[in-house]
Structure formats: C-alpha cells, structure tokens
Amino acid sequence: MSYLKNFKEIKFYIYEDKKFKQKEEVYLYVFVFFIKFFGQITSIINFRLYYRLSRLISFFISKNIICKIKILKDTNFTFYLNDPYYNRLLCKSYHYEFEIENFLKKINKINYVFFDVGANYGYWSSIASSKNFGSQKAVAIEPVKKNFLMCNINCKLNNSRFSLINKGISNITSTKNIYVDGSTSSAVGSSLLKPKNKSYQKETIKIVPITKILKKYKKFKYFVIKLDIEGEETKCLKSIKERSKNKLIIIYEDHGNDKKNKPTRYLLQKGYKVFIGLDNKFIKIQKYTDLNKYKKQKTIGYNLFATTSKEFLDNLKDDS
C-alpha cells in the first residue's frame, strides 16, 4: 500500500504559452509505475541497468510532460518525465550521486555556502538548502538557458531559498559558445568543448571566474564548491586563490575516460587532500595515478572531494 501511496506525491504538467497547466492522465502513471518497478528490481544489483531501462520507457513519453515530486519533506523537484537522468528519482530507494548526499549529511552542522556550479535543474541546491541538510545558503550557477529556466522553477517551488546565476564558470571573464547536449531534456553533457559525434545546439553564454562569485560571500567561514562543468574543471580550479584553500572543499568529477586524471593531478600538486567516494566510504588518493584503479567505467564521471580544511577533513577521514 505504501508503494501506491507514493503516487499521490507526483504531479504532471505541460508548459504552454509560458504557463504550467496540470495534466492528469492515467497512462502517465503507468509509465511511472514501470520506472519505479525497474528501480526496485535493479536495486538488487546496485541499480545497474536502471538508466537503460528508464531510457527505454522514456522513448514512449511525450517530450513536454513535466513531473513534480517531493524528494524531501520540505523539498519539491521538477524535471521532464522522459528524461532518464532524473526520472530514476521516482524510485524512493534510488539515491542520485549517493556519495555527495552522504557527505552533505555529515557536514549539516557546519554553516557554509554551497556553490552549485553547473547546477542544471538545481537538484543539489534544493538539497543543500533543505532542513535535513542544515538549511545552508546555496547558489545555483547554470549557463544553459533551458536548464536555468527549470532551475528557476525549482527555486520558486522551494520558497526561493537559494540564489540563481545564469552564467558559466571558467578562469576568465568573457563570452563563449557552449555546446548544448541534445540527447536528453536536461542536456547534462553540455560543454564549452566542442563534442565529437554528438547532437548539440550552440548557445552563447557569459563566463566568469569562480573567485568573482566567492568574493561576494567572503564573510562566510566555509565554502562547499560542487563543480560539474564538463572539461572546464582545471581552468576553474586555477582561478581559486591560495588563501582560500583552508576554508573550502571542492566536489568535482574526474571522468572515467581521462586516464591522466587532470583535475586530480592539479589538486594534489597544489597540496589538497583528495578522496574518492565509493561504496558508502571515502578513500584517500595518494597519487593521481592511483585513481585509475577505481575508474571501472569510461562513460561516467567519478565524484571526488578535495580540501585542506581540518573541519572538512574530519568528515572524510572517518571513513578512509
């Protein structure tokens, strides 16, 4: 019965003429049932194949259906129902990027500013600013226009409790082309680097160094910077001042197909302590080449945590 009760928390909308119109159709709940069902089945094997199965169902769902769900008691989240990147959240036992969630739970007593760089729809800004995670001040930074629109919607759904910046992040102030990934509604593979053999749309965006944004929040004692900027990580990291190191932690992706582990190599050279989040624990990376033994798949990004702050290190060392 509790499985069926969860359907009451799901609402569907279509976006027309700059307005949201609620759409109640039985067939949409059928799609949701199968996505949730596949989640329950694949949970036995740590959700392997869940993305592929959700993607299979997504082919039959109209592109303009927006789904609203409750991800925490005080937190709502919207996404396009046909997007397997987010529709997996319909399964209650599925945790998106669990290692990040795990870490943010551990530091919920620390008062910090959360910088969600490459925020997409604002999922992590919604989470970090929730009561369960310490009601942190959060800043969602997203350059792609259609993603920023959804991020703004999610911000308003949650009482506008986080800030929004419609810009990209690199190491300079400029304008650049971003190549918007057309393979999913959420365009999660969008990049400032021109992709090969991939459908994309070109969009001109403003970019700024991360330090320009950090300056506005210098009165805060701690920063948590989450980077998801598809290839610009190292450039962004180079703009962070040496004097800021002891007050921040950087959560970033090192992609499975990057055997040189460029962002990790740079951070280790700069004296950061680096940890990879795997299997409910944090493992310290001593040398950048050590990371290769943990990268089992070339097609995904691995979440790592880099800091010199004792406050944050204490919450990583417990598990290492």
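For the structure, see preceding data.
Residues numbered from 1 in each chain as written. Predicted model: local features only at pLDDT ≥ 70, side-chain atom pairs only at ≥ 80, totals over all residues. Heavy atoms only, no water.

A. Just the overall build of the protein, in detail. Within the protein, the secondary structure is distributed over eleven helices and 15 strands. Its C-alpha radius of gyration of 19 Å places the protein within 12% of the 20 Å reference for a compact globule of 320 residues. The principal-axis extents of the C-alpha atoms in the protein amount to approximately 55 × 45 × 40 Å. Taking all 320 residues of the protein together, the buried fraction comes to 53%. Of the accessible surface of the protein, which amounts to about 16,200 Å², a share of 51% is contributed by carbon and sulfur atoms. (Helix = DSSP H or I, 4+ residues; strand = E, 2+ residues; numbered from the N terminus. Rg over C-alpha atoms; globule rule 2.2 N^0.38 Å. Buried < 20%, exposed > 50% of the residue type's maximum accessible area, 1.4 Å probe, protein only. Areas by Shrake-Rupley, 256 points an atom, 1.4 Å probe, with all protein chains shown as cover.)

B. How the structure looks around the sheet that holds strand β9 (residues 174–181). A sheet is described by the order of its strands in space; here three strands give the open sequence β8-β10-β9, paired in mixed fashion. Only two strands of the sheet have a single neighbouring strand rather than two, namely β8 (168–170) and β9. Neighbour to neighbour, the strand axes of the sheet diverge by 50° on average, direction disregarded. (Pairing = 2+ DSSP bridges. Axes fitted to C-alpha atoms, helices over the stretch in contact; angles between N-to-C directions.)

C. Inspection of a positive patch on the surface at higher detail. Among the surface-exposed residues, K167, K206, K212, K215, K216, K218, K241 and R243 lie close enough to one another that they form a single positively charged patch. As for its placement among the helices and strands, K206 is situated in strand β10 (residues 200–209). For K206, a relative accessible area of 55% translates into the label exposed. (Patch = residues over 30% accessible without salt bridge, like charges linked within 9 Å, V, L, I, M, F, W, Y side chains within 5 Å. Salt bridge = Lys/Arg side-chain N within 4 Å of Asp/Glu carboxyl O. Lys, Arg positive; Asp, Glu negative; His and termini not counted. Charge placed at Lys NZ, Arg CZ, Asp CG, Glu CD.)

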